[in-house]
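Take a look at the letters that make up each chain.
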Amino acid sequence: MIRIQKTTLLFLFVLLAATSSLAPGATGQTAAKPREPADANEPWPKEAARAAHGMVATDEALGSQVGVDIMKRGGNAVDAAVATAFALAVVEPAAGNIGGGGFMLIRLADGKTTFLDYRETAPGKATQNMYIGKDGKLDEDTCVIGYKSVAVPGTVAGLELALKTYGTMKLADVMAPAIRLADQGFLVSANLATELEEDSPGLQAFPMSQQVFLNKGKMFKAGDTFKQPELAATLKRIAKGGAEEFYRRETAEMLADEMAKNGGLITLEDLAHYKVKVRGVLHAKYESGGHSWEVLISPPPSSGGVAVIEALNMLQGVPLKGWDDPQSVHMVAETMRRVFADRAAFLADPDYSNIPVAGLTDPCYAKERASTINPAKASSSKDVTAGTPHVCGVSANPDAAPRMVASLGEGPHTTHFSVVDEAGNAVASTYTLNHSYGAHVTSTAGFLLNDEMDDFTTQPGVPNSFGLIQSEANAIAPAHRPLSSMTPTILLRDGKLSFVTDSRGGPTIISVTLLSILNWMRLGMEAQAAINAPRFHHQWLPDRLLLEKDFPAGLETALNARGHETLRRGHIGLVNAIGIDRATGERLGAADPRDQGAAVGY
Ligand code: DON
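Nothing here was measured: the structure is a model prediction, and the numbers come from that model.

Procedures and definitions
Residues numbered from 1 in each chain as written. Predicted model: local features only at pLDDT ≥ 70, side-chain atom pairs only at ≥ 80, totals over all residues. Heavy atoms only, no water. Helix = DSSP H or I, 4+ residues; strand = E, 2+ residues; numbered from the N terminus. Buried < 20%, exposed > 50% of the residue type's maximum accessible area, 1.4 Å probe, protein only. Phe/Tyr/Trp six-rings, centres within 6.5 Å; stacked < 30°, edge-to-face > 60°. Salt bridge = Lys/Arg side-chain N within 4 Å of Asp/Glu carboxyl O. Contact = heavy atoms within 4.5 Å. Pairing = 2+ DSSP bridges. Axes fitted to C-alpha atoms, helices over the stretch in contact; angles between N-to-C directions. Right-handed = clockwise from strand over helix to strand, strands pointing away. Disulfide = S-S within 2.5 Å. Core = buried A, V, L, I, M, F, W, Y, C linked by side-chain atoms within 4.5 Å. 1 Å grid on protein atoms, 1.4 Å probe; cavity = no way out; pocket = protein on both sides within 12 Å on 5 of 7 lines; lining within 4 Å. Points joined across faces, edges and corners; volume = space filled by probe spheres on them. Nonpolar A, V, L, I, M, F, W, Y, C, P; charged D, E, K, R; others polar. Parallel < 35°, antiparallel > 145°, perpendicular 65-115°, else oblique. Left-handed = near helix turned anticlockwise from the far one by under 90°.

## Some remarks on the environment of Leu 138
With respect to the secondary-structure elements, Leu 138 resides in the loop between strand S4 (113-118) and helix H4 (155-166). A residue is classified by how much of its surface remains accessible, and Leu 138, at 12% relative accessible area, is buried. Note: C-alpha distance between Leu 138 and Leu 433 (295 residues apart in sequence) is 21 Å.

Encoded structure:
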């Protein structure tokens, strides 16, 4: 039965983005209370929160505070990130999760870098055409709502591996705050109450979701205490038994059992076989503003790292004056158009697909790609196809020919957070259930399940719920990881930690992360200004330039005169970044005022 159409999800997202109100952003103080109701008249903070020792910037003050408390107790940035991630799984249920997956980029103070890929995988019984009906049409509901849309979760395995490898504390200790928040409850914010109301059509279709998130049908109001006893019990079992509990013991059995009873595909075997992948970080070097910069960024199955490096390469030598300058916006938008055409053609799970990463991120290829941009006129996306990536001095390899392209899209929730500790260890973490509240299915173990299967190419040539066209290399197959736009990024300036960033927002993640990097590295903005600055997004198809509502009308007219079809969006993306003050070494927490993120430091 149809519960929520994919188009409805997309519509809700656009509506939310268009109507979301301004809200207080970064705070430097202790924040033990939930978010206050958004106040449309509240000015955005102009300055980042400053702290001498450590900083955590997340979507939720309660989550940021958990991370800071862990650092105050002697934990490092990885301890704090793991504690924060488990806490967000309790206080930010739309995106914080243990039933989804994500990426964590870590740079230790000694210079070591690593990337943990705990993206979900397709279950063993998944098939390429599992969402295509007898009529040959894509079933737009089953891939985003309900048990069949769920991919094998990776978060618990990823967090445990991060802690074991780079943390200093015990799992039970870093999970204690999350357990307390689930057990004793926390006060529902106005935002959470509104979100749950908005998602109630999807949530009420599943008895456990109705019980937990809709308060057995009574609904939550701002100020109510929200306790999650089933989740608390699961977190306690994980704290004791580790990821083994989630993937092989009681929690696994609960999950496999409910999947079998409700037409889901995930089995005990799928859970037992789940593996985190430790991948090499992508690196790129630039000179800007008299400094040497190094960009450390996510490798595939993130599409974002490759796309951002390709874009930064294409923009080298392009003068950028700021986002009130139509020419600067034009050049970046044309760059995005080309980068997204390449994303659609080449990016997929690197374990099953030969991705021309070296060519796509090579400056010679970028130069060729950039030479197709008309500085005076917008291209039409129908005339822009994927390029033929190759490295300098080597001609294009026929293997690098673009693959058949299918689709790409955007959705409302995912959550990115940044952590920097006193020693200078840094974590950029982004994890997701895909859409807000994922598949809208809550396990009997008390946690929401992802709908990450929709990030695969569910039908060639048909855009996904984010409007994205993707290649056949991203087709559904057992154990494959769906392509992601999440782009955890860390910047070094003259060899030293400088900026930690990423965003939420489906494909807009890539554009928003790129803009945050350009704002900090190329335009020299202060940390908070780099996050507040207006955002735009072009993803090749559909052929239109999204502009945040704060851009002046004159800028839009100037872009239209260059041939861009423009569309206003309320807000695009959500970045919780941390910069480092070059002079003082202070941590500059820049939470995104587009929602009610909080940067908390000490
Ligand atoms: O991994 C991805 O690219 C998507 N699942 C992310 C979804 C997302 O960011 C939704 N919105 N904020």
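## A word on the packing of aromatic side chains
Applying the stated criterion to the full structure yields 13 aromatic pairs. A ring pair is formed by Phe 499 and Trp 520, whose centres lie 4.7 Å apart and whose planes are at 10°; its orientation type is stacked. Separated by 21 residues along the polypeptide, Phe 499 in strand S15 (residues 496-501) and Trp 520 in helix H17 (residues 508-522) bring together distant segments of the chain. Each member of the pair, Phe 499 as well as Trp 520, is classed as buried. Through successive ring pairs, a cluster of aromatic residues spans Phe 186, Phe 213, Phe 220, Phe 226 and Tyr 437.

## Observations regarding the pattern of salt bridges
Under the counting rule described, the total for this entry stands at 25 salt bridges. A salt bridge links Arg 369 to Glu 310, with the nearest nitrogen and oxygen atoms 3.9 Å apart. Of this pair, Arg 369 sits in helix H16 (residues 363-370) while Glu 310 sits in helix H13 (residues 304-315), placing them 59 residues apart in sequence. A salt bridge links Asp 543 to Arg 337; the shortest N-O distance between them is 2.7 Å. Separated by 206 residues along the polypeptide, Asp 543 in the loop between strand S16 (536-537) and strand S17 (545-548) and Arg 337 in helix H14 (residues 326-346) bring together distant segments of the chain. Taken together, the shared-partner salt bridges in this structure form one network comprising Asp 117, Lys 277, Arg 279, Asp 351 and Arg 481.

## Side note on the environment of Pro 299
With respect to the helices and strands, Pro 299 occurs in the loop between strand S9 (291-297) and H13. Pro 299 sits 276 residues away from Val 575 along the chain, and the two C-alpha atoms are 19 Å apart. Setting aside chain neighbours within four positions, we find Pro 299 in contact with Phe 115, Arg 279, Gly 280 and Leu 282.

## Concerning the sheet that holds strand S11 (residues 415-420)
If you trace the seven strands from one edge of the open sheet to the other, you get S7-S4-S3-S12-S11-S2-S21, paired in antiparallel fashion. Single-partner strands in this sheet number two, and they are strand S7 (277-279) and strand S21 (598-601). Adjacent strand axes in the sheet meet at a mean angle of 15°, parallel and antiparallel pairs treated alike. Bridge count for strand S2 (residues 55-58) against S11 is three bridges, and the pairing is antiparallel. Residue pairing for S11: Val 56 is matched across the bridge by Val 419.

## Concerning unusual backbone geometry
With omega at 15°, the peptide bond leading from Pro 300 into Pro 301 counts as cis. Inspection of the secondary structure puts Pro 301 in the loop between S9 and H13. A cis amide bond links Leu 541 with the next residue in sequence, Pro 542, at an omega value of -5°. Relative to the helices and strands, Pro 542 resides in the loop between S16 and S17.

## With respect to the pairing of strand S12 (residues 426-432)
Most of S12 sits out of view: seven of its seven residues are buried. Because side chains alternate across S12, one face comprises the buried residues Ala 426, Ala 428, Thr 430 and Thr 432, and the other comprises Val 427, Ser 429 and Tyr 431, equally buried. Sheet analysis places S11 next to S12, joined by six bridges and oriented antiparallel. Across the sheet, Val 419 pairs through a bridge with Val 427, a residue of S12. Joining the antiparallel neighbours S11 and S12 is a turn of five residues, in which Gly 424 adopts a positive phi near 100°.

## Digging into the pairing of S17
Residues Leu 545 and Leu 547 line one face of S17 and the alternating positions Leu 546 and Glu 548 line the opposite face, and both faces are buried. By the bridge criterion, two bridges tie S16 to S17 in an arrangement that is antiparallel. By the bridge assignment for S17, His 537 is matched with Leu 546. Sheet topology note: the S17/strand S18 (residues 566-569) ladder contains four bridges and is parallel. Opposite Glu 548, over in S18, you have Arg 569 as the bridge partner. Traced from S17 through helix H19 (residues 553-561) to S18, the parallel crossover comes out right-handed.

## Here's the deal with the state of the cysteines
Taken as a whole and assessed by the stated rule, the structure comprises one disulfide. Paired by a disulfide, Cys 364 and Cys 392 hold their sulfur atoms 1.7 Å apart. On the sign convention where negative is left-handed, the bridge of Cys 364 and Cys 392, at about 100° about the S-S bond, is right-handed. Of this pair, Cys 364 sits in helix H16 while Cys 392 sits in the loop between H16 and strand S10 (405-408), and the two are 28 residues apart along the sequence.

## Some thoughts on the nonpolar core
If you look at the biggest cluster of nonpolar residues, it comprises 89 residues, and the most contacted ones within it are Ile 98 and Leu 235. Looking at this core element by element, the count peaks at 13 residues for helix H3 (residues 77-91). With residues near it in sequence (within four places) discarded, Leu 235 still touches Phe 86, Val 90, Ile 98, Met 175, Ala 178, Ile 179 and Ala 182.

## Quick look at empty space enclosed by the protein
Overall, the coordinates contain four cavities of 30 Å³ or more when judged by the stated rule. As for the largest cavity, its lining consists of 21 residues, of which Asn 434, Asp 455, Phe 466, Ser 485 and Gly 506 are closest to the centre. Residues belonging to the lining of the largest cavity are distributed by class as follows: six nonpolar, 11 polar and four charged.

## A word on the packing of H13 against H16
Close contact between H13 and H16 brings their axes to 8 Å; oriented N to C, the two are set at 65°. Considered as vectors, H13 and H16 are oriented roughly perpendicular to each other. For H13 against H16, the interelement crossing comes out right-handed. Residues Glu 310, Asn 313 and Met 314 of H13 form the contact with H16, whose own contacting residues are Pro 363, Tyr 365, Ala 366, Arg 369 and Ala 370. For the contact of H13 with H16, the residue count by class is five nonpolar, one polar and two charged.

## What about the environment of Ala 233?
Relative to the helices and strands, Ala 233 resides in helix H9 (residues 229-241). Relative accessible area serves as the criterion here: at 32%, Ala 233 is assigned to the partly exposed category. Note: C-alpha distance between Ala 233 and Asn 129 (104 residues apart in sequence) is 37 Å.

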